[in-house]
Amino acid sequence: MPKLINKSLLPPKKYFMQGNIACAEGALAAGCRYYAGYPITPSSETMEHLSNRLPEVNGVFIQMEDEIGSICSMIGASWAGAKAMTATSGPGFSLMLEGLGYAVMTETPCVIINVQRTGPATGQATRPGQGDIMQARWGAHGDYRIIGISPWSVQEMYDLTIESFNLAEVYRVPVILLADEVVGHLKESFIIKPEIEIFNRDSSMSDKPFGTVQDDGVPPMPIFGQGAKLLVTGSTHNEFGIRKVADPVVQDMLVKRLCAKIDNHKDKICKTESYLVDDADYLFISFGISARSSYAVIKQLRNEGIKAGLLRLKTIWPFADEIIKSAAQNCKVVFVPEMNRGQLVLEVQRVLCNKQVISIPKTQGEAIYPSEIYNESKKYIK
Amino acid sequence: MSKIKITGFGGQGVILAGEILANAAVMDGKEGSAIGSYGSAARGGLTSSEIVISNEFIDAPFSEKPDVLIALSQDGYDKFVYTVNQNGIIIVDSGMVSIKPLPKQYELQAANIATSEIKSPVVANMVMLGALSAITEVISKTALINAIKETVNEKFVELNLRGIEFGFEKGKQIK
Amino acid sequence: MEKIKLNRKWCKGCGLCIEICPKNVYDREAKVSTKGFKEIIVKNPDLCNQCQLCELLCPDLAITIEKTKKDAKVNK
Amino acid sequence: MSEHLYKYLRPEAFPTPFCAGCGHGILMNAILRAVDELQLDFNKIVFVSGIGCGAWIPSPHFAADTLHTLHGRPIAYATGVKLFNPDLKVIVISGDGDLAAIGGNHLIHAARRNIELTVICANNSIYGMTGGQVSPTTPKYAKTMTTAKGNPEEPFDLCKLTVACGARYVSRYTVYHIKPLINSIKKAMTTKGFAFVDVVSPCPTQFGRRNKQPTLYEMFNDLKARAIRYETAKGLKKDELTGKIIIGEFNE
């Protein structure tokens, strides 16, 4: 896949900005030129910002009648050749799930920002949560793979939004940025570099836009109006796009390829960051804002002479099994702090089935604070 | 690393004050973060802003045990006054809050100053920031002024700067 | 050249053409074919006045009426 | 259909999956004739459809770009396609269940926005694909799988609805009124704004069978008896219009 270097849209320098707005700027820098959304706390700032900024770069902005319309029109725009995005929060994301499945099935590159709040249902609209990570992975029906990414700072709201677009284009898959209310509303400094790496989809003409013998499993994606006579359907289809609604072989091949094109590239997709992990007796595995509180905790524990480390998952889906196994190899106890009743911990326990894995959940509709993680983990640190 | 918490009710400019403070720190060449928490209603209700100022990457952007608590309302004062760090200080609008007898507590009547001397009750938040700058080393007055010039709508810059000046002078008196 | 082309592969034998034709051009086979119905036949092609009703209304897009020169004149 | 129109088709998709005597094939014919008579570039048309029998009219039969989408959502998808590439002609073809029930919200908002889309409703007043359940356009008292004693609800008049929402061009014809239908689809396709054509398309299998009209021809006779021109209907009282199908152009 050819890599391009684009100039950043905003002048390169240090900015002080809100996470949701950094996300919008990251999208623009990545080449996003279509946004369809519906207002929802706590993600609306992204939409408000793009309503002003997209017309400045000849992009299209539309506020749709609901989240279902938002994701559907985004998929339509993507087939018309756009890099397209929508942003929402839990209730809206729930409405989008059928469309998410459609994007997976039709291999439509698109980016969904989910600034997570508490749930279920309306929950607490202005309060942070991290309860949508399993929903992002499993929420649409049927079997499939998506890519889920979690930012922990305003810097990453910018950087990882760009990364989301790149992954969506490379693998022809919807990418979900699993932010949370804290990161979305946090204002802090971040740096826009002069140049950014950009990947664009292969939109060459092909009579087989839904099947490939290429190793990467990603077929080329012609766009509407090129004369490719595309048959795009959410029903089971063969490599030409022809509906095969009762053919067991086609169904099997399609689902296997949709999964394999992500599974086979885990090494390239999965990004993590390690802090003081090498000699750690006590390993914290976390993501998003919970990882930031965990980071404060391991520094505090190290000051006390306790060998604690943090493995932070930037990529949640696909799950970084191998990286986690190797990071946890020599540690005694693994802690998984998160702002839900224990979702990520299920995956960690699956991977580290021979280790003591402790869940540190919080569902009070506020951020998980370092003191809470510290106090809970101290019960297991001898 | 300094952790500051500003608390009040919706409409007092608590979140804006937090953002200006953190932005000022960034303009000073430090790292600064601000996160507001508020209810679902657009106005009213308990509101607070957590600010962290640091020379390095800020880990958790929260002020669980603030070094400085700035309280503009009774609810916020009551909720957070005992969370203040052992060596921390409290700056409180004593015109709005009936205070408890505590050490390291600085009182000024920010809302009264804003109303009577600046003729604009909305800048009580800036009066508090000015006082913070005078009482502590957390942030310089120059940085606050620069941050206001950058973030606040042109029409209101002058007004906000007067709030900072009045607060700074008052802060020096009570320090 | 035949005037009426009936695409028997596409035809499902709904019989609309038989009912709608003002000139009684179409009919059915007497026996049920392997497709499971009595197939449509063009029984009286010479009666066709090329009104095209059957072509326009055939739900299976299975009928084509070729316009001949003589009839083209008539249409004028 | 004339063989010179076969170039618009994917012959491998035929015979159609529609039941014998399904009105949707006639509508398919009408749409292609409209495209042909307007000499539209088939490579610059995107046909968008939802789920249901009507949605299968363009996909996979038309040799153009087709987007076969989720149930009820084709107008939302079409909005994205049209907004990002206004050079494309975007035509939505879907059924009454798709556009009026589950997708009703998208229909009214696209009409309100007056976005340049041609929306053709293949209205057979029944959920055909799922076995013949009542739909929002099923006539009152009609029998369906879910209204065995007759439909107790009033049907939707989608034309009045879209006119009220601000659509630029709105019309209704039945597939029996084939010539005016083709002309109306042509008008819709050349409308600079939101165009809606409600096409009454009989379903003998799921609707006719249960309502004493088991063949397409019998359903045609019913359509003939019930159809009334818009201009004529204007002078009539509400109870005189009960059970009638108002055909014609609804914009004035």
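Note that this is a predicted model, so its numbers are computed, not measured.

Quick notes on the rules
- Residues numbered from 1 in each chain as written.
- Chains lettered and ligands numbered in written order.
- Predicted model: local features only at pLDDT ≥ 70, side-chain atom pairs only at ≥ 80, totals over all residues.
- Heavy atoms only, no water.
- Phe/Tyr/Trp six-rings, centres within 6.5 Å; stacked < 30°, edge-to-face > 60°.
- Helix = DSSP H or I, 4+ residues; strand = E, 2+ residues; numbered from the N terminus.
- Buried < 20%, exposed > 50% of the residue type's maximum accessible area, 1.4 Å probe, protein only.
- Contact = heavy atoms within 4.5 Å.
- Buried area = accessible area lost by both parts, 1.4 Å probe.
- Salt bridge = Lys/Arg side-chain N within 4 Å of Asp/Glu carboxyl O.
- Polar contact = N/O pair within 3.5 Å; in protein donor to acceptor, adjacent residues only side chain to side chain.
- Nonpolar A, V, L, I, M, F, W, Y, C, P; charged D, E, K, R; others polar.
- Core = buried A, V, L, I, M, F, W, Y, C linked by side-chain atoms within 4.5 Å.
- Domains from an automatic or database assignment.
- Pairing = 2+ DSSP bridges.
- Axes fitted to C-alpha atoms, helices over the stretch in contact; angles between N-to-C directions.
- Expected span 1.5 Å × (residues − 1).

(A) Expanded view of the packing of aromatic side chains. Residue and element names in this part refer to chain A. What the rule picks out here adds up to 24 aromatic pairs over all chains. Centroid distance Tyr275 to Tyr295: 4.9 Å. Interplanar angle 50°. Geometry classified as tilted. Of this pair, Tyr275 sits in strand 12 (residues 272-275) while Tyr295 sits in helix 10 (residues 288-303), and the two are 20 residues apart along the sequence. Comparing Tyr275 with Tyr295 shows no difference in burial state: the two are buried.

(B) Main features of the interface of chain D and chain C. Taken together, the 27 residues of chain D in the interface contact 19 residues of chain C. Between chain D and chain C the total buried area reaches about 2000 Å² when both faces are included, carbon and sulfur atoms providing 64% of it. Seen at the junction of chain D and chain C, the total is 2 salt bridges. The shortest N-O distance in the salt bridge between Glu55 of chain C and Arg33 of chain D comes to 2.7 Å. On the surface where chain D and chain C come into contact, there are 8 residue pairs in polar contact (both at pLDDT 80 or more). For the side of chain D that touches chain C, the elements supplying multiple residues, two or more each, are helix 1 (24-38), helix 6 (178-189) and helix 7 (216-226) of chain D. With 5 residues, the single largest contributor to the side of chain D that touches chain C is helix 1 of chain D. The class makeup of the residues in the side of chain D that touches chain C is 19 nonpolar, 5 polar and 3 charged.

(C) Region of interest: the nonpolar core. The biggest cluster of nonpolar side chains holds 95 residues, and the ones touching the most others in it are Ile285, Val334 and Leu344 of chain A together with Phe194 of chain D. With 8 residues, the single largest contributor to this core is helix 4 (residues 90-105) of chain A. Counting the residues that make up this core, at least three belong to each of domain 1 (3-199) and domain 2 (272-378) of chain A. Among residues more than four places away in sequence, those in contact with Ile285 of chain A are Leu311, Leu313, Ile324, Val334, Phe335, Val336, Pro337, Leu344, Val348 and Leu352 of chain A.

(D) Structural view of the sheet that holds strand 1 (residues 45-49) of chain D. With mixed pairing, the 9 strands of this open sheet are ordered in space as 11(A)-2(D)-1(D)-3(D)-4(D)-6(D)-5(D)-8(D)-7(D). Each having just a single partner strand, strand 11 (231-233) of chain A together with strand 7 (227-229) of chain D make up the two edges of the open sheet. Direction aside, neighbouring strands of the sheet carry axes that sit 20° apart on average.

(E) A look at helix 4 (residues 124-135) of chain B. If you check helix 4 of chain B, its first and last C-alpha atoms are 16 Å apart, about what 12 residues at 1.5 Å a residue would give, namely 16 Å. For helix 4 of chain B, the full list of buried residues reads Ala124, Asn125, Met126, Val127, Met128, Leu129, Gly130, Ala131, Leu132, Ser133, Ala134 and Ile135 of chain B.

(F) Region of the structure containing the interface of chain D and chain A. Between chain D and chain A, the contact holds 29 residues from the first and 36 residues from the second. Overall, the association of chain D and chain A removes approximately 2800 Å² of surface from exposure, summing both partners, and the carbon and sulfur fraction of that is 61%. Arg113 of chain D serves as the salt-bridge partner of Glu65 of chain A, at 2.9 Å between the closest nitrogen and oxygen. Our count for the contact surface shared by chain D and chain A stands at 18 residue pairs in polar contact (both at pLDDT 80 or more). Every element with two or more residues in the side of chain D that touches chain A is listed here: strand 2 (65-68), helix 2 (74-84) and helix 4 (104-113) of chain D. Per-element tally for the side of chain D that touches chain A: the top contributor is helix 2 of chain D, with 7 residues. Across the side of chain D that touches chain A, the residue classes break down as 13 nonpolar, 11 polar and 5 charged. For strand 11 of chain A and strand 2 of chain D, the ladder comprises 3 bridges, and the chain directions are parallel.

Interpretation note: all reported values are geometric properties and have no functional meaning in isolation.
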